[in-house]
Amino acid sequence: MTSFESAIAEGARIEPRDAMPEDYRATLIRQIAQHAHSEIIGMQPEGAWITRAPSLRRKAILLAKVQDEAGHGLYLYAAAETLGVARSELYDALLTGRQKYSSIFNYPTLTWADVGTIGWLVDGAAIVNQVPLCRCSYGPYARGMVRICKEESFHQRQGFESLLALSNGTPGQHAMAQDAVNRWWWPSLMMFGPPDTDSPHSARSTAWGIKRFSNDTLRQRFVDMVVPQAEVLGLSLPDPDLRFDEGRGSWDFGPVDFTELREVVAGNGPCNAERLAHRRAAEDDGAWVREAARVHAAKQVRRGAA
Ligand code: FAQ
């Protein structure tokens, strides 16, 4: 057994300078980069509402949440860099469509209720998926996830609280909250990825201790977590097949449309083009800042040498 295999078998952490198979490194770069890209693209749907938040309090909360997402992107890009890849390469892979980001951020935020719904459902799904990653086998990713999960948990609570206020508000506000939940429910279930029978990376990622639970197991855990929360909110979930199975102690739910997931991941979702165009424009608009920083750094080096 190599030292890598024995470390994995013992449940020990792999650190950046440890020997690791090239495929393990490549899998981590793929997953961590996709995760980082999701965080920064994920700033767009909610960011669109910062100027339209209904009160100063809601605006301050939303600003802080969107800033947290930028921070999560930075922790994750930094974790990926420990695997020997440059951040500029990862940005380039995102902007040229070679690397993905989560399907969920290709849906539009049509009303203010979408912001609360993203906090409740999207951050809720993110937590269910990410808490196990705090114990994944790669040290820098696992440690980054601990802090990210703490912040995601605040995000979910603020989304729930915002949605509760709408649900208990005027009939118009209640209807707006229900409409947002109807639109975000199924895409939230798709965040967990394809079904286990159609998940090419699962077996190896599980053997390597990157994935600790399967896509379907986490999807079920999410449904079990949010169904009682929907009752407290006084909102329904748009699935006529939802019923509690006493034997399993879990909620049965209807079939997820994985064709839609495939289409969105392939670039054909409602907002894919808009999200990437916005990101590319931000990259172009920031070029002069990066150039100024580069020239300044070079000048400092020259002055230090003189
Ligand atoms: N969207 O074999 P599997 C957030 C791809 S949370 C797009 O099952 P794997 C917080 C997958 O990459 C969202 N692509 O793959 C926030 C693979 O593609 P490839 C981000 C998807 O890796 C909240 C192919 O399908 N969270 O940002 C999706 O074992 C609110 C085959 O799939 C993470 O990234 C999808 N939904 O399992 C921010 C968590 N599902 O490269 C702002 C970390 C699958 O072979 C606001 N990632 N694919 O062409 C993971 O846990 C895993 O990568 C999974 C997929 C579970 C997503």
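All of the points below concern the structure found in this document. (Residues numbered from 1 in each chain as written. Predicted model: local features only at pLDDT ≥ 70, side-chain atom pairs only at ≥ 80, totals over all residues. Heavy atoms only, no water.)

What follows is about the overall build of the chain. A tally of helices and strands in the chain yields 13 helices and two strands. For 306 residues, the compact-globule formula gives about 19 Å, and the C-alpha radius of gyration of the chain, at 21 Å, lands near that figure. Dimensions of the chain along its principal axes, counting C-alpha atoms only, are 70 × 50 × 30 Å. A burial count over the chain gives 48% of its 306 residues as buried. The long-range fraction of contacts in the chain, counting pairs at least 24 apart against all pairs at least 6 apart in sequence, stands at 77%. In the structure as shown, the chain presents an accessible area of about 14900 Å², 57% of it carried by carbon and sulfur atoms. (Helix = DSSP H or I, 4+ residues; strand = E, 2+ residues; numbered from the N terminus. Rg over C-alpha atoms; globule rule 2.2 N^0.38 Å. Buried < 20%, exposed > 50% of the residue type's maximum accessible area, 1.4 Å probe, protein only. Contact = heavy atoms within 4.5 Å. Areas by Shrake-Rupley, 256 points an atom, 1.4 Å probe, with all protein chains shown as cover.)

We now examine the pattern of salt bridges. Taken as a whole, this structure holds 20 salt bridges when the rule is applied. Its salt-bridge partner being Glu151, residue Arg147 comes within 3.8 Å of it at the nearest N-O pair. Of this pair, Arg147 and Glu151 both sit in helix H7 (residues 139-167), four residues apart, which is roughly one turn of the helix. Judged by its relative accessible area of 18%, Glu151 is buried. With a shortest N-O distance of 3.7 Å, Arg248 and Asp245 are connected by a salt bridge. Look at Arg248 and you get partly exposed, because its relative accessible area is 44%. Classification of Asp245 as partly exposed rests on a relative accessible area of 24%. (Salt bridge = Lys/Arg side-chain N within 4 Å of Asp/Glu carboxyl O.)

Contact pair helix H2 (residues 22-41) / helix H5 (residues 87-95): the axes reach a minimum separation of 11 Å and the direction vectors enclose 70°. Accordingly, the angle class assigned to the pair H2 and H5 is roughly perpendicular. Judged by the sense of rotation from one axis to the other, the crossing of H2 with H5 is right-handed. Contacts between H2 and H5 involve Ile29, Ala33, His37, Ile40 and Ile41 from the first element and Leu90, Tyr91 and Leu94 from the second. Of the residues that constitute the contact of H2 with H5, the class distribution is seven nonpolar, one polar and no charged. (Axes fitted to C-alpha atoms, helices over the stretch in contact; angles between N-to-C directions. Parallel < 35°, antiparallel > 145°, perpendicular 65-115°, else oblique. Left-handed = near helix turned anticlockwise from the far one by under 90°. Nonpolar A, V, L, I, M, F, W, Y, C, P; charged D, E, K, R; others polar.)

On to the packing of helix H12 (residues 272-285) against helix H13 (residues 287-305). Two elements in contact, H12 and H13, have axes whose closest approach is 4 Å; the angle formed by their N-to-C orientations is 35°. Counting all contacts with H12, which are made through Glu283, Asp284 and Asp285, the residues of H13 involved are Ala287, Trp288 and Arg290.

The subject of this paragraph is H2. Helix length check: H2, at 20 residues, gives a terminal C-alpha distance of 28 Å against a target of 28 Å (1.5 Å per residue), a fit within 8%. In terms of residue burial, H2 counts as a mostly covered element, since 14 of its 20 residues are buried. (Expected span 1.5 Å × (residues − 1).)

Looking now at the side chain of Gln31. The topology assignment puts Gln31 in helix H2. On the accessibility criterion, Gln31 (18% relative accessible area) is buried. Ignoring any residue separated from it by four or fewer positions in sequence, one finds Gln31 in contact with Leu133, Tyr141 and Ile210.

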